[in-house]
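One-letter residues, chain by chain:
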Amino acid sequence: MCGIIGYTGPRRVVPVLLEGLRKLEYRGYDSAGLVYFLDGGLVKHRAPGKLEKLAAVVDEQIGVASFCGLGHTRWATHGIPSLDNAHPHSDCSGNLVVVHNGIIENYSTLRQELRARGHRFTSETDTEVLAHLIEEYLTDDLPAAVRAALARVDGSYAVGVLWAGAPKTLVAARNHSPLVLGVDAEASYMASDIPALLPYTNQVIFLDDREMAVLTPGVITYQSVDDGRSLRKQVTTIEWNAAMAEKSGFRHFMLKEIFEQPQAIINTVSGRIVPDTGRIDLPEIGLADEVLAGIERIALVACGTSWHAALVAKYWLEKWAAIPVDVDIASEFRYRRLLINERVLVIAISQSGETADTLASIRLASALGARVLTICNVVGSTMTREADGVIYTHAGPEIGVASTKAFTSQLAALFLFTLHLARVRDAAPAEQLAELGQALIDVARVIERELPLLQTRIQVLVERYYDSRDFLFVGRGLNFPIALEGALKLKEISYIHAEGYAAGELKHGPIALIDKEMPVMALVPRDSVYRKSISNVEEIKARQGRLLLVGTQGDGHLSSLTDDVLYLPEVHEELNPLLYTIPAQLIAYEIANRRGCDVDQPRNLAKSVTVE
Ligand code: F6R
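Since the structure is predicted, the reported quantities are computational estimates derived from the model, not experimental observations.

S.K.: What exactly am I supposed to notice about the domain arrangement of the chain here?
M.R.: Along its sequence, the chain is organised into domain 1 (3-246), domain 2 (255-443) and domain 3 (449-594). Here the C-alpha centre of domain 3 lies 45 Å away from the C-alpha centre of domain 1.

S.K.: What am I meant to see in the site of the ligand here?
M.R.: The environment of the ligand is formed by 14 residues, the closest being Ser306, Ser350, Gln351, Thr355 and Glu492. Side-chain polar atom of Ser306 to an oxygen atom of the ligand: 2.6 Å apart, as the coordinates give it. The separation between an oxygen atom of the ligand and a polar side-chain atom of Ser350 is 2.6 Å. In isolation the ligand exposes 400 Å². Once the protein is present, 91% of that is buried.

S.K.: Sorry if this is basic, but what is going on with the sheet that holds strand β21 (residues 470-475) here?
M.R.: Where strands meet in a sheet, backbone hydrogen bonds hold them as pairs that are either parallel or antiparallel. Ordered by their spatial adjacency, five strands build an open sheet running β22-β21-β23-β24-β25, and the pairing between neighbours is parallel. Of all the strands in the sheet, the pair left with one neighbour each is β22 (497-502) and β25 (565-568). Between one strand axis and the next, the sheet turns by 15° as a mean value, whatever way the strands run. Pairing analysis gives four bridges linking strand β24 (residues 546-552) to β25, with the strands arranged parallel. Counterpart to Gly551 in the pairing with β25 is Tyr567. Against the sheet, helix α18 (residues 576-594) makes contact with β21, β23 (519-524), β24 and β25, and its axis sits at roughly 145° relative to β24, the strand it touches most.

S.K.: Mind showing me how you'd approach the packing of helix α4 (residues 127-137) against helix α5 (residues 142-150) here?
M.R.: Between two packed helices, the angle of one axis relative to the other and the distance separating the axes together describe the packing. Two numbers describe how α4 lies on α5: the axes approach to 8 Å, and their chain directions differ by 120°. Relative to α5, the element α4 lies oblique. The interaxial crossing formed by α4 with α5 has right-handed handedness. For the pair α4 and α5, the contacting residues are Leu130, Leu133, Ile134 and Tyr137 in the first and Leu142, Ala145, Val146, Ala148, Ala149 and Leu150 in the second. Tallied by class, the residues present in the contact of α4 with α5 amount to ten nonpolar, no polar and no charged.

S.K.: Would you mind showing me how to read the pattern of salt bridges here?
M.R.: Side-chain pairs of opposite charge can arise whenever the charged atoms involved come near each other. Across all of its chains, the model carries 34 salt bridges by this definition. When the shortest N-O distance is used, the salt bridge between Asp208 and Arg385 registers 2.1 Å. Here Asp208, found in the loop between β11 (203-206) and β12 (211-216), pairs with Arg385, found in helix α12 (residues 382-386); they are 177 residues apart in sequence, far enough to count as distant. According to the relative accessible area criterion, Arg385 is partly exposed, its value standing at 29%. Linking Arg464 and Asp564 is a salt bridge whose minimum nitrogen-to-oxygen distance equals 2.1 Å.

What counts and what doesn't
Residues numbered from 1 in each chain as written. Predicted model: local features only at pLDDT ≥ 70, side-chain atom pairs only at ≥ 80, totals over all residues. Heavy atoms only, no water. Domains from an automatic or database assignment. Near = heavy atom within 4 Å. Polar contact = N/O pair within 3.5 Å; in protein donor to acceptor, adjacent residues only side chain to side chain. Areas by Shrake-Rupley, 256 points an atom, 1.4 Å probe, with all protein chains shown as cover. Pairing = 2+ DSSP bridges. Helix = DSSP H or I, 4+ residues; strand = E, 2+ residues; numbered from the N terminus. Axes fitted to C-alpha atoms, helices over the stretch in contact; angles between N-to-C directions. Contact = heavy atoms within 4.5 Å. Parallel < 35°, antiparallel > 145°, perpendicular 65-115°, else oblique. Left-handed = near helix turned anticlockwise from the far one by under 90°. Nonpolar A, V, L, I, M, F, W, Y, C, P; charged D, E, K, R; others polar. Salt bridge = Lys/Arg side-chain N within 4 Å of Asp/Glu carboxyl O. Buried < 20%, exposed > 50% of the residue type's maximum accessible area, 1.4 Å probe, protein only.

Below is the structure:
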């Protein structure tokens, strides 16, 4: 979704804004713009399309002596991607500008009212309303005018405001859309996400809903949007560094992040399995053993790839912790009757911790009395602040739009939680749980060893698959969600139509799609459902489907079924989802790359979906 960057300090602002926007590109966008303060007025540049277009437009101003400004990447919601609709948006005078991420739901009523009062609009966006509304209330106190305007607005916003009447000053405000501020001794920053701040500072402040900030060089003050009451905020130190958000020699962030998975899993597990006893230690979980022991049901809520992690966790939790588990897509969860109470534990899974539907789901669940835990990758993100407890995945910044290392780290965190709950509920013998903990560490090492070999093998195979029109992924049991994940990865980055199915479900409809043109990637490890999976594969072969099998080393039967087999070492059956994800990610990546797709920024997609 849209990206915001703002800066006031001693540096020349245009390069800071462009660099910040580059760091936010991964959020997804279709146009970009920036504005800076110069010679008592505001200078605005905008361009539809990629950031290079904006960079070309501002090329001659790169070294301009301006030290305060705002930048924005727009992911269209109201109004097509175009020059006129690109942010920043101005008031009638052009002396005040706004950048915004979110949706102003009552914009049409406000627009009519403002038009009737003589305001002239130049775009179709909801955001422009805000610029004119602030203009209506502005005398000489910018924060007061912003507060008055926001009081009239329904919906979500992260906004940055710049006014020619208050040089070196930026006003920021947030409601349901992420906004993080950065501080150092001489400068102040605002951004939609942490990676944009990392080149300058790791000292950040997360604005909460209905909070505002006034930024001047090196000084930020905070106030309530509702009544202007001043607020004190805590600084959080971010452990990530700027290099972690670079490609480091890889062609794409996605590939780098695929290769970072063994380390991300180790980092997620590390220090959380107590040596000798194998007990799991989750210090930020925020839920005492007695509370967990009293839980009667778990509801897992997430979107997209994180939802696939939830589907895997259902198998684990029901098997090892002997507790009933529901899994919901957050956008469905929030709009149905919820049978949730204080005996239900709701676990929200999210890389970003900002996904609008997942966030709304935890708010609903809390209001109904449920305990809420979040499995999250971003320290200090909204979900981590609103949940009763957190299990952080320590995957480091994930920049590729297609989630990879966050997914396998979520699986690792969910597996740790399963072992923890199994012990608390006395659902499985301690030795067995300790053995499973060790198996989790082992799988990270196996992935590390296999990754380069798999990539080489897949690069060859891809020649036979890259021009497919459709693709099926199938798996059973723990690998069914991985089939869904494989299909999602392929469709989102290569634009090939792909579906994931439980292998046993094929004959209930999808098998009608099978012919000699249809590639089917089947995940068939030697596990407890192996024989059933092989029968499904035979059914595909009998209908001339093009089989690409992924199975266990030494399983010669697979190569009698097709030439295209990817063999993986045997790991503990429970950990197969982590291992079998890797070939699914790589096949998607190599196909997309071979097709010349924009792997890291696929069309229409945003990394962090902060509107519903
Ligand atoms: C797919 C992908 C998305 C996200 C989804 C949830 O590769 O990345 O499906 O998984 O938008 O995002 P988070 O995990 O940030 O809540």
